[in-house]
Amino acid sequence: MNKERKEFLKSAALLVVPVAMQNLITTAINSLDVIMLGRVNEIVLAGASLGNQVYFNMSLFLFGITSGAAVLIAQYWGKKDLDSIKAIFGLGMKLGIAVSSLFALSAFFIPELLMRIFTDDTEIIRQGEIYLRIVCFSYPFTAVNMIYLNTMRSMEKVKIATLAYSISFFVNLIANGVLIFGPLGFPALGAAGAAWGTVIARFSESLVILFYDRKINRTLKFSIKFLVSKNGLLTRDFWKYALPVIINELSWGTGISMITGILGRLGSSVVAANAVAQVARQLSMIIGFGVAAAAAIEIGKKIGEGNREGAKDLGRRYAVLSVITGFIGAAVILIALPVMLKFLVLTPDAAKYLKMMMLVMSYFVIGQSINSCFVVGIFRAGGDTRFGLFFDLTFMWGIAILGGWIAAFVFHAPVTVVYMILLSDEVLKMPVAYGRYKSYKWLKNVTR
């Protein structure tokens with residue numbers, strides 16, 4: 001192994017490993033409800049899982065805000081321009097608080113309407129309502145935490161997120177165990193217990209972040225002044241690069257919800273199996289998403305420094321790394337299948353569907369790892385934020401979702417056929433993403 005490759009792997013590991021750990025812990029936090037409620041019964045599991053789609057869509061909106069901001073923050077970090085970073089940080093925080101408040105109010109006041117987007121099963125809807133009216137109190141904490149930690153990540157401060165999410169995970173694990181199952185004389189609250197566990201965990205994250213910001217952070221302490229400061233040029237830049245990302249994430253998130261909605265009308269066994277399969281997908285993509293995040297940070301910094309050739313070289317190296325992590329993700333899916341079948345309490349139909357879904361997911365994650373590195377990592381690092389929107393509108397909505405809907409409700413195709421069509425987009429995207437990468441149209445310095 002030559003010296004340049006060793007240096008790349010070392011620098012990549014310093015970002016990928018903490019980010020992957022954060023993804024693992026975040027996925028584990030989001031999966032605890034599914035895994036623990038799977039020990040209660042299938043209906044409670046399906047209700048909380050579909051109710052969690054509201055959080056999922058909110059988090060994608062927040063991810064769009066932070067990813068759009070990261071395009072600018074990473075490049076300004078390369079120039080060491082902290083004043084510009086403060087303005088972008090404040091704008092992102094204002095948007096995040098507004099969005100999370102809207103989602104929280106909707107989940108509290110119209111939970112039944114939200115649940116009917118995903119299913120028409122009365123009992124599943126009832127369980128989802130119970131879950132949503134409580135878990136919505138965690139949404140504002142989630143927004144503040146995500147925007148703060150992702151801003152720090154864009155400035156190569158990645159350890160605080162690992163610490164905050166680690167503490168949150170253990171708090172959630174204990175709270176869920178006590179409130180879902182009711183040991184030691186506590187009431188067994190089921191879906192409501194899972195929701196309260198999430199609220200407590202997110203609040204604990206906020207306390208850790210507050211302590212870090214006030215006592216440890218020496219690079220950029222958050223201030224209320226960030227929320228009221230105005231910079232017209234940077235605001236225009238933010239919307240120029242963030243708006244396509246926000247729309248992109250919303251279109252992708254709405255697409256995932258549409259897929260869930262299509263499957264939700266094929267029976268509770270399909271819903272339960274898909275809930276478990278999605279947990280497996282998230283676990284399998286932990287390293288892949290870490291590679292994409294690291295690529296965005298490092299390449300953005302290189303571009304901000306004015307090192308165009310260095311950015312090209314990093315893009316090539318991260319692209320190769322994404323292929324490797326894709327195959328690792330596929331292996332995780334296949335290894336996890338027998339473990340999940342043994343641990344979870346599923347009906348024979350749900351177990352049968354889960355086997356099929358996991359096999360389809362095993363090749364799907366290879367494409368997702370590669371495409372995420374290109375679109376979320378390399379392209380966004382250079383300010384090319386519109387291409388991802390074209391990607392999802394064309395392949396996800398125009399082919400996978402439309403084709404899956406027609407297969408399910410027009411031709412009444414078997415669940416296996418419907419599922420394969422719904423998850424076809426990541427495979428179809430790969431050659432187009434590679435062509436865009438080789439054109440180098442994504443490589444732009446967007447700082448002022």
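Residues numbered from 1 in each chain as written. Predicted model: local features only at pLDDT ≥ 70, side-chain atom pairs only at ≥ 80, totals over all residues. Heavy atoms only, no water.

**Observations concerning the overall build of the protein**
Now for step 1: Assigned secondary structure in the protein consists of 17 helices and zero strands.
Now for step 2: In terms of overall dimensions, the protein is globule-like: its C-alpha atoms have a radius of gyration of 21 Å, near the 22 Å expected for 448 residues.
Now for step 3: Judged by the C-alpha coordinates and their principal axes, the protein covers about 60 × 45 × 40 Å.
Now for step 4: When the 448 residues of the protein are sorted by exposure, 59% land in the buried category.
Now for step 5: Of all intrachain contacts in the protein linking residues separated by at least 6 positions in sequence, the fraction that spans at least 24 positions is 84%.
Now for step 6: Of the accessible surface of the protein, which amounts to about 18300 Å², a share of 69% is contributed by carbon and sulfur atoms.
Now for step 7: On the protein, the mean spot of the 43 positive side-chain charges and the mean spot of the 25 negative ones are 7 Å from each other. (Helix = DSSP H or I, 4+ residues; strand = E, 2+ residues; numbered from the N terminus. Rg over C-alpha atoms; globule rule 2.2 N^0.38 Å. Buried < 20%, exposed > 50% of the residue type's maximum accessible area, 1.4 Å probe, protein only. Contact = heavy atoms within 4.5 Å. Areas by Shrake-Rupley, 256 points an atom, 1.4 Å probe, with all protein chains shown as cover. Lys, Arg positive; Asp, Glu negative; His and termini not counted. Charge placed at Lys NZ, Arg CZ, Asp CG, Glu CD.)

**Some points on a nonpolar patch on the surface**
Now for step 1: A contiguous nonpolar patch, built from V17, M21, L24, L283, I287, V320, I324, I328 and V332 and spanning about 680 Å² of accessible area, is present on the exposed surface.
Now for step 2: Among the elements that take part in the nonpolar patch, helix α13 (residues 308–343) stands out by supplying four residues, more than any other. (Patch = residues over 30% accessible without salt bridge, like charges linked within 9 Å, V, L, I, M, F, W, Y side chains within 5 Å. Salt bridge = Lys/Arg side-chain N within 4 Å of Asp/Glu carboxyl O.)

**Regarding helix α5 (residues 122–135)**
For an α-helix, the turn length of 3.6 residues means that residues three or four places apart are oriented alike.
Now for step 1: Taking 1.5 Å of rise per residue, 14 residues should cover 20 Å, and α5 covers 20 Å from first to last C-alpha, within 8% of that figure.
Now for step 2: Capping of α5 at its N-terminal end is provided by D121; its side-chain oxygen lies 3.1 Å from the backbone amide nitrogen of E123. (Expected span 1.5 Å × (residues − 1). Polar contact = N/O pair within 3.5 Å; in protein donor to acceptor, adjacent residues only side chain to side chain.)

**Quick word on the packing of helix α15 (residues 386–409) against helix α17 (residues 425–439)**
Now for step 1: In contact at an axis separation of 10 Å, α15 and α17 are set at 150° when each is read in the N-to-C sense. With respect to their mutual orientation, α15 and α17 come out roughly antiparallel. Read as a crossing pair, α15 and α17 show a hand that is right-handed. Here α15 contributes F387, F390, F391, D392, F395, M396, I399 and A400 to the contact with α17, which in turn contributes D425, L428, K429, V432, A433 and R436.
Now for step 2: Grouping the constituent residues of the contact of α15 with α17 by class yields 10 nonpolar, no polar and four charged. (Axes fitted to C-alpha atoms, helices over the stretch in contact; angles between N-to-C directions. Parallel < 35°, antiparallel > 145°, perpendicular 65-115°, else oblique. Left-handed = near helix turned anticlockwise from the far one by under 90°. Nonpolar A, V, L, I, M, F, W, Y, C, P; charged D, E, K, R; others polar.)

**Re empty space enclosed by the protein**
Now for step 1: Evaluated as defined, the whole model comprises five cavities of 30 Å³ or more.
Now for step 2: Around the second largest cavity, the lining comprises 14 residues; the ones closest to its centre are I256, I259, Q278, F364 and L423.
Now for step 3: Considering every element that reaches the lining of the second largest cavity, the biggest residue donor is helix α10 (residues 232–264), with four residues.
Now for step 4: A class-by-class count of the residues in the lining of the second largest cavity yields eight nonpolar, three polar and three charged. (1 Å grid on protein atoms, 1.4 Å probe; cavity = no way out; pocket = protein on both sides within 12 Å on 5 of 7 lines; lining within 4 Å. Points joined across faces, edges and corners; volume = space filled by probe spheres on them.)

**Some words on the pattern of salt bridges**
Now for step 1: The final tally for this structure, using the stated rule, is 14 salt bridges.
Now for step 2: Residue K301 pairs with E156 through a salt bridge whose shortest N-O separation is 3.0 Å. Linking K301 in helix α12 (residues 286–305) with E156 in the loop between α6 (139–154) and α7 (159–181), this pair joins segments that are 145 residues apart in sequence.
Now for step 3: Take E156: its relative accessible area is 30%, and that puts it in the partly exposed class.
Now for step 4: Where salt bridges share partners, they join D392, D425, E426 and K429 into one cluster.

**Examining the environment of D313**
Now for step 1: Checked against the element boundaries, D313 lands in helix α13.
Now for step 2: A relative accessible area of 28% places D313 in the partly exposed class.
Now for step 3: As for D313 and A12, which are separated by 301 residues in sequence, their C-alpha atoms are 13 Å apart.

Honestly, it's all geometry; don't read function into it.
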